[in-house]
Amino acid sequence: MTSPNATLELPAENGAESEAPLEEKVSEDDDLPKYSRSVYAAIDDLCTTELCRPDLDLTAHINKLFPTEQSLSQLDSIMASIDNEIAELDIELSDLVETHGKASIDGDIALSQALSAMNELETRIKSIRSKTQSSESNVQEMTRDIKQLDVAKCNLTASITTLHHLHILLTGVNSLALWTEGRRYADIAAELPTVLNVLQLFDGYNEVKQIRALTEEVRKLKDNLSSQLNVELRRKFQTGIFDDSVTDMCRVVSVLGDPLQNSLMQYYIDQQLSEYCVLFAEAEDIAWIDKIDQRYRWYVSKLTEFEKSGMSKVFPADWEMGRRITREYCKNTRDMLQLLINRRLGELDWKLLANAINHTIMFESLLTRRFPVKGEFSLEKAIWPVFDNYLDVFVAAHNKNLTDFLDGCATKIRNGTERPNKDTSIHAYPLPSSADMFLLLKKIITESSKLSSDPDVLLKKLIDPFRKCLRGYAHGCLTAFIPQTTVTSTLSSLAGVSSTFPTSINASAAAGILQNLLRDDGSTSSATAKLTPDQTFFTCCILATADWCAETALQLQTKLRERIPNLDLTAEMELFYGISNNALAVLVQDVESTCDAALQAMTKTNWSAVEGVGDESAYVHSIRKHLKEAVPKIRDYFSDRRKYFAHFCLKLATQLVNKFLGALFRCRSVSPQAAERLMLDTHAIKVLLLNLPSIESAIQTKPPTVYTTSVQKTITKVEMILKIVMADIRSPEDFVGKYVQMLPDSDSAELQKILEVRGLRRSDQTPIIQLYRVQIEGAETVLTSTASVSSMQATFKQVASMAAPIGDSSMRKLEKLVGKKL
C-alpha cells in the first residue's frame, strides 16, 4: 500500500508501457525546426498557462496536479478545464490565421499602389528635365547677342577713358610748359601731380611712339622745372624774402621729390645754422663747455623766431623743417663738442663736465617736449652721448675723492676724533665713518645714473674704485687700528700644545715665533700686552663695524646686480668677515692671557708633595676671577651681536683648554694623589667653561649645544690624560692597553710627555714607549716619527738661515734651544 504523500505514477494507456522521460522526447524531436531566441521569447509571452510552454515536463506537471491518490477525485474537473482551454486556444488560433490572411492582402494592395506612384513620379521628372534643357538652350540663344554688345561697350568705355587720359596728358604737358616759362608755380603745383599720375597709366603703352614721345617730354619738363626751382629757391633763401611764391615753389618741389627736395632742405638748414657755426667756432671763448648754456639759448631763440615769424608755414607740413633743423643742430653740436673736448682735454674736470651734461639734459628735455618722437625723428639723447667718452674724468675724480675720504677716516681714528667711548654707549656700535662710506658710494651711483646716457656702462667703470674703497677701508681704517697684543710663546708651551696637532712645524709658523725665541736676556717667554678697557671697547666696535660693512656690502651687491648681473663682491665681504674674526681673536687672546700667570703657577707647583685632594687649587680660583671680570664686559658690548659673543666664548674655551693641557704637560712628578687633585681642578674648569656664556649674568640660559659639545670634547682629553697618570704602571702591557683604550688617537710622543708628567725616569720610560710603538704604531710609524723629528730640525735650520742678520750669539741660543727640545 502506497503512502499518502507518494507521487502518483500513471499507468500506460491501453496497456502500453510508461511514457518515456522528457530527455528522450527532446532527443526524438531533434528533427523539428529550430527557431531563434526572439521567437521562443514571443511564444513565451503568448503563453497564458503552463501547458502551452514547449519545455513543459508533463510527468512533473501531472505529479504536481495529482500529488496523492485522493487528488484523483478531481480528475474530471481538471480534464474539463483543460478541454475548455484547448477550445479557447483553437478559437484564438483561427482568429489569428484569418487576421493574417487579411493583412497579407492589404499589404499586396499597398505595395502595388506605391510602385504605380513611383512610375508616375519618374515620368514627371523626365518631362521636367527635358523642358529645362530646352529652356537653357533658348536662353543662350537669346543672350548671345547681348554678350557681344557688352564686350563692345567695355572696349568702347576703355577707349574713351584712354582718350580722355591722353587728352588730359597732352593738355597738361602743354600747360606746364607754358606755366614753367611764366613761373606760374601755383598752377604748376596744382596740375603737375595730375599729369604725373595720368602718365603712370600709360606705362603699359611705351611701345607706342606717341606715348614714348610724351613720356620723354614730361621728363625734360621735370628737369627744366627742377633746375629753375633750384636756382630761384636758393636765391630766395639767400635774400630772406619769403612770399607766397616760395610756398608754391616748395609745393612743386614736394611733387618733384628727391633729390631736389633734400638738396634744398639741406641748403636752407645750412644757411640757418651758418651763424651758429661761426659764433661757436673752436677758437671762440664762448665755445668751451663752461658756456654751453649759451649754445642752447642761441638755438632756442632761433627756433622761436623761426616759428613765430611764420617761416615754418612757408614749407609744406610734411617737410618737418623745425624737426630737421633741430636734428641738424644737434648733430653739428655733437661733432663740434667732440672735436673741442678732444683738443682741450687737459682743461676738463668732472664738475665742468657734470655742469655741461646737466644743461644738455635740460635742453634735450625741452626739445623732446616740443618735438615728440614721430617716425624716424627722435631727439632723445641727441647730444648727451658725446660726453660718455670723457666720463673717465668722473671716475678718476671720484677715485681720488674716495682715497681722500679714506685718508680722512684714518686720520680721525688716529687722532681720536672718531674713536668710540665706552662711557657714552652700553654696547659696541659701528664706526660712523662706515655709514659715511656707503652713503658716499650711493651718492656716486646716483650721480653716475644722471651723468651718463648709458648709466650701466659708467657703473661698470666705477666697480673697481668701489672695490678699492671697500678694501682700503677694511685695511686702512679697521685692520690698521686693531690693538696688537704680544702672544706669549715659549718652546715649552709650544711642545705642550703641539700634542693636539701634528708634530711637524712649517717654516712660516717657525718664523712667526722666531722673534720671541731670540732675545738677549735668555728667557723663553715674552710678556703679553694687556688691552685697556678703551682698547677692548674699540676692538668690539671694529668687529661691529666689519660685520655691518659685510652685511651692507651684500645689500649693495644685490642692488647693483639689478643692473650688472655678474657683479661679485664676495672677496670684499670675506675680507670684512676676516677682520671680524681677527678682532675676535684679539679679544680672546687678551682674556686668555690673563690666565697665564695662574697656569704658570700650576707648572711651578710641587705636585710630588701633594698628599690629599682637598679643595680646588689657587690657580683655578684665579682663572675664575679673571673670567668673571672680563667676559661679562664683552657680553655687554655684544648685546646686539650675540653670534659673535658665542664665537668668542667658544674660541676662549678652546684656547684655555689647550693652554691648560700645555701647562699640564710641563708639570713633573705628579703622583696619583696629585693627579686626583688635578682631576678636581679640571672638573672645576670644565664647569666654569660650560657656564661661561652666562657667567655673572642675572639670567642663566643654557649654552648652545655646539658650544657644550665642543667644550666637553676638548676637556675630556685632559681628563683621560689624568686618568692615565693615575693608572697602575707596574705592568707595561696593561698600562699600554689602558692607554690605547682611553686615548685611541694618541701617539708615542704624547705618551712620552705623559710619562714625564708621571715623573718616570728615561730608563723606565723606554720599555713602555717601545712596547707602544711595536704594538700600536708599528715599525713604519717609528720611522715616520724619526723622519718628523728630522724634518723639524731641518725647518728650524731653514728659519735660522733666514734670520742670519740677527747675530751669531742669538743663533747659538736658537740652536741650543732647538737641540734641547728635539
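None of these values were measured; they are calculated from a predicted model.

*Asks:* Hey, could you run me through the overall build of the chain in this one?
*Replies:* Along the backbone of the chain there are 28 helices and zero strands. Counting across all 822 residues of the chain, residues that qualify as buried make up 38%. Taking as baseline every contact in the chain between residues at least 6 positions apart, the subset at least 24 positions apart corresponds to 78%.

*Asks:* What is the right way to read the confidence of the model for the chain from this model?
*Replies:* Close inspection of predicted coordinates is inappropriate for parts of the model with low pLDDT. Chain-level statistics for the chain give a pLDDT mean of 80 and a share of 83% at 70 or above. Confidence scores differ between elements of the chain, with helix H16 (residues 491-497) showing the lowest mean pLDDT of 34 and helix H15 (residues 455-478) the highest of 94. Here residues 487-527 is a poorly scored stretch, pLDDT under 50, and it has 68 contacts once near neighbours within four places are set aside; other chains count.

*Asks:* Any chance you could explain the packing of aromatic side chains here in plain terms?
*Replies:* A ring pair, where both rings are aromatic, is described by two values, the distance of the centres and the angle of the planes. Taken as a whole, this structure holds 20 aromatic pairs when the rule is applied. Taken together, a centroid distance of 4.3 Å and an interplanar angle of 10° make the contact between Tyr 296 and Phe 363 stacked. Taken together, the residues span a long stretch of sequence, with Tyr 296 in helix H9 (residues 292-308) and Phe 363 in helix H12 (residues 350-370) at a distance of 67 residues. This pair shows no difference in class: Tyr 296 is buried, exactly as Phe 363 is. Ring centres of Tyr 739 and Tyr 772 lie 5.6 Å apart, and the angle between their planes is 85°; this geometry places the pair in the edge-to-face category. On the criterion of sequence distance, the pair formed by Tyr 739 in helix H25 (residues 732-742) and Tyr 772 in helix H27 (residues 762-802) is long-range, its members being 33 residues apart. Judged by relative accessible area, which is 1%, Tyr 772 ranks as buried. Over the aromatic face of Tyr 267 sits the side chain of Arg 234, whose NZ or CZ is 4.4 Å from the ring centroid.

*Asks:* Looking at this model, I keep getting lost on the nonpolar core. Mind explaining?
*Replies:* Generally speaking, soluble globular proteins have nonpolar side chains that are buried together. Core analysis: the largest hydrophobic core is formed by 193 residues, its most contacted members being Phe 387, Met 602, Leu 627, Phe 648 and Leu 689. For this core, the element with the most residues is helix H22 (residues 642-666), which contributes 13 residues.

*Asks:* Honestly, the packing of helix H8 (residues 260-279) against helix H11 (residues 321-343) in this entry has me stumped. Any pointers?
*Replies:* Think of two packed helices as two axes; the pair is described by the angle between the axes and how far apart they sit. Following both chains from N to C, one finds H8 and H11 inclined at 50°, their axes separated by 10 Å at the closest point. Between H8 and H11, the crossing angle belongs to the class labelled oblique. The interaxial crossing formed by H8 with H11 has right-handed handedness. Contact residues: H8 offers Met 265, Gln 266, Tyr 268, Ile 269, Asp 270, Leu 273 and Tyr 276, while H11 offers Met 321, Arg 324, Ile 325, Glu 328, Tyr 329, Asn 332, Thr 333 and Met 336.

*Asks:* So what exactly am I meant to see when it comes to the state of the cysteines here?
*Replies:* Here, the word disulfide means a covalent bond between the sulfur atoms of two cysteines. Considering all chains together, one arrives at zero disulfides under this definition. Of all cysteine sulfurs in the structure, the one in Cys 477 sits closest to Cys 549, which takes part in no disulfide; the separation is 9.5 Å. Owing to a relative accessible area of 0%, Cys 549 belongs among the buried residues under this scheme.

*Asks:* Even after reading the chapter, I still don't get the side chain of Glu 572, so can you show me in this structure?
*Replies:* Along the chain, the position of Glu 572 falls in helix H19 (residues 570-593). One polar contact links Glu 572 to Arg 467, side chain to side chain, over a distance of 3.3 Å. Those residues within four positions of Glu 572 in sequence are excluded, and the remaining contacts are Arg 467, Leu 470 and Arg 471.

*Asks:* Would you explain unusual backbone geometry in this entry?
*Replies:* The phi angle of most residues is negative, glycine excepted, and most peptide bonds adopt the trans form. Put simply, Asp 258 and Pro 259 share a cis peptide bond, and its omega is 0°. Mapped onto the fold, Pro 259 is located in the loop between helix H7 (244-256) and H8. Positioned with a positive phi, Glu 320 is a non-glycine residue whose angle comes to about 50°. You can see Glu 320 is positioned in the loop between helix H10 (311-314) and H11. Given the relative accessible area of 18%, Glu 320 is considered buried. Here the phi dihedral of Lys 381 falls at roughly 50°; this positive angle occurs in a residue that is not glycine. Within the fold, Lys 381 resides in the loop between H12 and helix H13 (392-414).

Rules behind the numbers
Residues numbered from 1 in each chain as written. Predicted model: local features only at pLDDT ≥ 70, side-chain atom pairs only at ≥ 80, totals over all residues. Heavy atoms only, no water. Helix = DSSP H or I, 4+ residues; strand = E, 2+ residues; numbered from the N terminus. Buried < 20%, exposed > 50% of the residue type's maximum accessible area, 1.4 Å probe, protein only. Contact = heavy atoms within 4.5 Å. pLDDT = per-residue confidence, 0-100. Phe/Tyr/Trp six-rings, centres within 6.5 Å; stacked < 30°, edge-to-face > 60°. Lys NZ or Arg CZ within 6 Å of the ring centre and 35° of its normal. Core = buried A, V, L, I, M, F, W, Y, C linked by side-chain atoms within 4.5 Å. Axes fitted to C-alpha atoms, helices over the stretch in contact; angles between N-to-C directions. Parallel < 35°, antiparallel > 145°, perpendicular 65-115°, else oblique. Left-handed = near helix turned anticlockwise from the far one by under 90°. Disulfide = S-S within 2.5 Å. Polar contact = N/O pair within 3.5 Å; in protein donor to acceptor, adjacent residues only side chain to side chain.

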